[in-house]
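Per-entry structural report
One letter stands for each residue in the lines below.
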Amino acid sequence: GIKSHEYLKTATPREEGEAGPAASGSRVRRAISTCEPVTLDEVRELISRDVVACDMLYSVFYAAVRSYRRDTLIRPFPSHFKSEGGAADPHDFERLMRATEAVPPLVELTTGRAGGGGGGGGDVLSGDALVMLGWLAGRCPLQLTTLPTELYDSVQAKTGAATYTLKPDYIFGVEQREEDTRSLQFDALAAEHGVITCYHGTALENFQSILMNGFLSHFNKAALYGEGTYFSSDLSVCMGFIQSGQAWGRSMIGSKLSCVAVCDVVKHPSVTLPGGIVKRDIDRGSSVGGDRAPDTYVVVPNNDHIRIRYLFVYAEQQARLGSATSNSRRCCGGIRSAIARNRFMFSLICYAVMLLVVGFGNTRSMRRWIARAFR
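Residues numbered from 1 in each chain as written. Predicted model: local features only at pLDDT ≥ 70, side-chain atom pairs only at ≥ 80, totals over all residues. Heavy atoms only, no water.

**Thoughts on the overall build of the protein chain**
Put simply, the rule is: Think of it this way: any DSSP run of H or I at least four residues long counts as a helix, any run of E at least two long counts as a strand, and we number them from the N terminus. Three labels apply to residues, based on accessible area from a 1.4 Å probe with only protein chains included: buried if under 20% of the type maximum, exposed if over 50%, partly exposed otherwise in between. Working rule for contacts: check all heavy atoms of both residues, and any pair within 4.5 Å makes them a contact. To measure how exposed things are, a 1.4 Å probe is used in the Shrake-Rupley method; for residues, cover is taken only from the protein chains shown.
Helix and strand counts for the protein chain stand at 15 helices and eight strands. Across the 375 residues of the protein chain, 43% fall into the buried class. The contacts of the protein chain with a sequence gap of at least 6 include a subset with a gap of at least 24, amounting to 77%. A total accessible area of about 19500 Å² is found for the protein chain, and carbon and sulfur atoms account for 55% of it.

Dropping the structure here:
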């Protein structure tokens with residue numbers, strides 16, 4: 001199998017002093033931090049580096065802006081879109097939503113066809129939309145890189161085969177733009193304790209917060225097997241937790257997107273590994289779900305013990321309706337996963353249905369109908 005860090009190093013070379021898109025990216029990030037203006041050419045050059053990956057990053061942001069939890073998801077918030085004058089809510093989401101609608105297809109932006117004028121997109125991408133794209137490109141601490149979907153097999157070799165085949169439509173490598181204290185701390189802990197590769201499925205808009213700030217365990221509502229962020233070594237289990245989101249209307253990836261994060265988790269003593277004893281909360285006593293985690297669950301209480309390696313993206317797009325069979329297969333797989341996670345409840349429902357059928361079958365009117373039907 002391909003080692004992720006080796007593949008990413010080959011796929012996205014960034015030597016010191018390198019000119020071109022990487023230098024443009026550094027320039028945009030410096031401009032964001034110092035409130036300098038960002039030019040259209042700089043944003044276009046940065047997008048040209050990997051149009052599909054930028055499309056994915058923008059689609060996630062687009063979904064987050066339209067979420068009812070947008071005030072929580074979009075942190076930090078672009079200062080350009082903050083209201084002045086001491087408003088009750090300083091975040092001008094209406095203006096930000098208008099800016100998201102003003103962005104042309106990214107392919108047209110990079111080829112100079114957007115806008116139809118000599119400005120090569122300047123007629124369309126200007127003002128708020130330009131500032132928004134520059135902010136998004138400059139503030140995200142992670143670099144997405146489009147990778148071949150054949151990488152799926154090597155990831156499965158690390159985690160073990162899923163209950164059913166769920167090959168993604170797109171795979172994006174995730175790499176830290178610059179090493180920081182948390183990144184170095186993760187490397188040291190990984191060298192000491194080792195890592196386990198596992199999956200995390202959630203709603204599309206949640207990835208805006210995850211990509212910008214990392215995993216934040218205090219946002220998790222479920223605590224069946226202790227406090228922390230929940231992962232699974234079985235991809236099919238995560239498919240029961242993902243929520244597809246309406247993508248950006250001009251996206252080249254798809255009209256509806258679902259996403260799963262593939263992560264390395266440090267096997268620290270505080271982490272609950274598959275089938276392991278649940279770490280008990282002193283205040284709550286025993287965990288709600290029992291003393292042992294399921295055989296595929298991983299619970300991580302410390303956010304610093306997680307590093308995202310890949311994003312698996314599942315797309316629905318009219319241009320690819322030939323894959324209707326695969327979509328129906330995914331639907332059936334999601335139903336099987338939901339049943340597997342709620343076997344007891346499903347058994348009770350089946351038992352109740354059986355009692356209703358037997359009881360109704362023994363009524364006088366039902367016996368008369370059967371007698372007439374088979375006469």
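Resuming the write-up.
**Regarding a nonpolar patch on the surface**
Our working definition: Two joining distances apply to patches: 9 Å for like charges and 5 Å for nonpolar side chains (Val, Leu, Ile, Met, Phe, Trp, Tyr), and every residue must have over 30% relative accessible area and no salt bridge. Salt bridges are defined as contacts in which a side-chain nitrogen from Lys or Arg sits within 4 Å of a carboxyl oxygen from Asp or Glu.
On the surface, Met345, Leu348, Ile349, Val353 and Val357 cluster together to form a nonpolar patch covering roughly 460 Å² of accessible area. By the secondary structure assignment, Leu348 is in helix H14 (residues 343–361). For Leu348, a relative accessible area of 42% corresponds to the partly exposed category.

**Comments concerning the environment of Pro76**
Tracing the backbone through its elements, the reader meets Pro76 in the loop between helix H5 (70–73) and helix H6 (93–101). Spatially, the C-alpha atom of Pro76 lies 8.9 Å from that of Ser209, the residues being 133 residues apart in sequence.

**What to know about H6**
Threshold: This arc is built from the directions going out from the helix axis to the C-beta atoms.
Where H6 is concerned, the buried positions are Phe93, Leu96, Ala99 and Thr100. What you see down the axis of H6 is that its buried residues fit within an arc of 115 degrees, all on one side.

**A closer look at the state of the cysteines**
Convention followed: Note on terminology: disulfide denotes any pair of cysteine sulfur atoms within 2.5 Å.
Under the criterion given, the structure shown has zero disulfides. The thiol of Cys198 is not disulfide-bonded; the next cysteine sulfur, from Cys263, is found 6.4 Å away.

**A word on the nonpolar core**
Rules: For this analysis, a nonpolar core means a set of buried residues of the types Ala, Val, Leu, Ile, Met, Phe, Trp, Tyr and Cys, connected via side-chain atoms within 4.5 Å.
Met56, Phe61, Leu96, Phe231, Ile308 and Leu311 are the most contacted members of the largest nonpolar core, which has 62 residues in total. The leading source of residues in this core is helix H4 (residues 51–65), at 11 residues. The residues touching Ile308, leaving out its near neighbours within four places in the chain, are Leu142, Val174, Ile210, Phe215, Ala261, Val262 and Cys263. Core analysis: the next-biggest nonpolar cluster, separate from the first, contains 18 residues, Leu166, Leu235, Ile242 and Val262 among them.

**Brief notes about the packing of aromatic side chains**
How two aromatic rings sit relative to each other is set out by the distance from centre to centre and by the angle between their planes. The criterion, for reference: Aromatic pairs are defined between Phe, Tyr and Trp rings, using the six-membered ring for Trp, whenever the two ring centres lie within 6.5 Å; interplanar angles under 30 degrees are classed as stacked, those over 60 as edge-to-face, and all others as tilted. Counting as a charge over the ring demands two things of the Lys NZ or Arg CZ atom: a distance within 6 Å of the ring centre and an angle within 35 degrees of the ring normal.
Applying the stated rule across the entire model yields nine aromatic pairs. Seen from their ring centres, Tyr170 and Phe172 are 6.2 Å apart, and the 15 degrees between their planes marks the pair as stacked. Accessibility classification places Tyr170 together with Phe172 in one group, the buried group. Above the face of the Tyr62 ring, Arg66 is positioned so that its terminal group lies 3.7 Å from the ring centre.

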